[in-house]
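The residues making up each chain are set out below.
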Protein chains: 2
Amino acid sequence: MKVETMNNIKTTLKVVCGKWKGIILIELFDDSLRFSEIKKRIPEIHHQTLIKQLKELEEDQLISRYEHAVVPPKVEYSITEYGRSIFPLLKEMEQWGKHHRVNVE
Amino acid sequence: MKVETMNNIKTTLKVVCGKWKGIILIELFDDSLRFSEIKKRIPEIHHQTLIKQLKELEEDQLISRYEHAVVPPKVEYSITEYGRSIFPLLKEMEQWGKHHRVNVE
DNA sequence: CTGGATCCAATTTGATACTG
DNA sequence: CAGTATCAAATTGGATCCAG
């Protein structure tokens, strides 16, 4: 296989393969959400873990973060165009998982 | 988000998100290969790691393993229909990575 | 409300040695 | 040649505590 092909796949893996990243992106697809709202929609994710994954997604520029200058803090996360471009892939992942359920224990 | 959607995605993540799994599957797509041939095509992967990932892929039934009864041993790995069904996803991953290169350092 | 700083446990990957 | 067994290293997710 060409090295480039491998790197392309690695790039994608890096971006979507956090345990929750795909799920976060899907949540953000329709609306911007603030931190607490995301938390509410994905209750199983730990507070701190969510912070980390959001940060990574932001670093990879899949989402953007807007901090309202208010007290108490209000921060909104929204998907970027770049992030949006990965949506077909997420959909395909969902479809495949749907038809090919493996033992997810 | 529906719990089911989440589980579908998790299923897919579980299957393709090993560091090398997608790459192994692509290599096997065209031909069955024996262990040493896979190793040759993906030199960066460590012997031991390859064994493990192949074993997991086999457990998830994405590939099958045929052991020829000869000395020295000869083992062939081939992709299953089930494994084949994930190919569009891999292609999409490759495409996305191609157009959206992130710092893979 | 949001998130930084730490530490820890679990998982994953890689290294080394040995076997039929 | 292919694989097992074991261990070490690295990465990741999660828990707890603290702060503006």
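Quick look at the structure, then. (Residues numbered from 1 in each chain as written. Chains lettered and ligands numbered in written order. Predicted model: local features only at pLDDT ≥ 70, side-chain atom pairs only at ≥ 80, totals over all residues. Heavy atoms only, no water.)

**Notes on the pattern of salt bridges**
Residues and elements named next belong to chain B. Tallying each qualifying case throughout the model produces 12 salt bridges over all chains. With a shortest N-O distance of 3.7 Å, glutamate 27 and arginine 41 are connected by a salt bridge. Here glutamate 27 is found in helix H2 (residues 21-30), whereas its partner arginine 41 is found in helix H3 (residues 35-41), with 14 residues between them in sequence. For arginine 41, a relative accessible area of 37% puts it in the partly exposed group. (Salt bridge = Lys/Arg side-chain N within 4 Å of Asp/Glu carboxyl O. Helix = DSSP H or I, 4+ residues; strand = E, 2+ residues; numbered from the N terminus. Buried < 20%, exposed > 50% of the residue type's maximum accessible area, 1.4 Å probe, protein only.)

**As for the protein's contact with DNA strand D**
The environment of DNA strand D is made up of 21 residues, and the closest members are His46 and Lys52 of chain A together with Ser36, Gln48 and Arg65 of chain B. For DNA strand D, the fraction of protein-proximal atoms (within 4 Å) that sit in sugar or phosphate groups is 58%. A distance of 2.4 Å separates a base oxygen of DNA strand D from a polar side-chain atom of lysine 52 of chain A. Residue proline 73 of chain B places a main-chain N or O atom 3.4 Å away from a sugar or linking oxygen belonging to DNA strand D. Of all elements in the fold, only helix H4 (47-59) of chain A together with H3, helix H4 (47-59) and strand S3 (74-79) of chain B reach the threshold of two or more residues within the surface near DNA strand D. Split into classes, the residues belonging to the surface near DNA strand D amount to 8 nonpolar, 8 polar and 5 charged. (Near = heavy atom within 4 Å. Polar contact = N/O pair within 3.5 Å; in protein donor to acceptor, adjacent residues only side chain to side chain. Nonpolar A, V, L, I, M, F, W, Y, C, P; charged D, E, K, R; others polar.)

**What to know about the packing of aromatic side chains**
Residue and element names in this part refer to chain A. Here the structure, examined in full by the defined rule, presents 4 aromatic pairs over all chains. Between phenylalanine 29 and phenylalanine 87, the ring centres sit 3.7 Å apart and the planes meet at 10°, which makes this aromatic pair stacked. Remark: phenylalanine 87 occurs in helix H6 (residues 87-99) and phenylalanine 29 occurs in helix H2 (residues 21-30); sequence separation between them is 58 residues. For phenylalanine 29, a relative accessible area of 21% puts it in the partly exposed group. (Phe/Tyr/Trp six-rings, centres within 6.5 Å; stacked < 30°, edge-to-face > 60°.)

**A word on the relation of the copies chain B and chain A**
Take chain B, turn it by 180°, move it 0.0 Å along the axis, and it overlays chain A with an RMSD of 0.1 Å. When the rotation and shift are considered jointly, the pair of chain copies conforms to a two-fold rotation axis. Of every C-alpha in chain B, the one belonging to cysteine 17 of chain B sits nearest the axis of rotation, 3.1 Å from it. A high fraction, 93%, of the interface residues of chain B reappear at the interface in chain A, so the copies pair face to face through one surface. (Least-squares fit on C-alpha atoms with pLDDT ≥ 70 in both. Contact = heavy atoms within 4.5 Å.)

**Considerations on the sheet that holds S3 of chain B**
Residue and element names in this part refer to chain B. Taken together, the 3 strands give an open sheet; going across it, the order is S1-S3-S2, and neighbouring strands pair in antiparallel fashion. Two strands close off the open sheet at either side, each with one partner strand: strand S1 (33-34) and strand S2 (63-68). With 2 bridges joining them, S1 and S3 adopt antiparallel strand pairing. Considered in S3, the bridge of leucine 33 is made with tyrosine 77. H2 contacts S1, S2 and S3 of the sheet and is inclined by roughly 95° relative to S3. (Pairing = 2+ DSSP bridges. Axes fitted to C-alpha atoms, helices over the stretch in contact; angles between N-to-C directions.)

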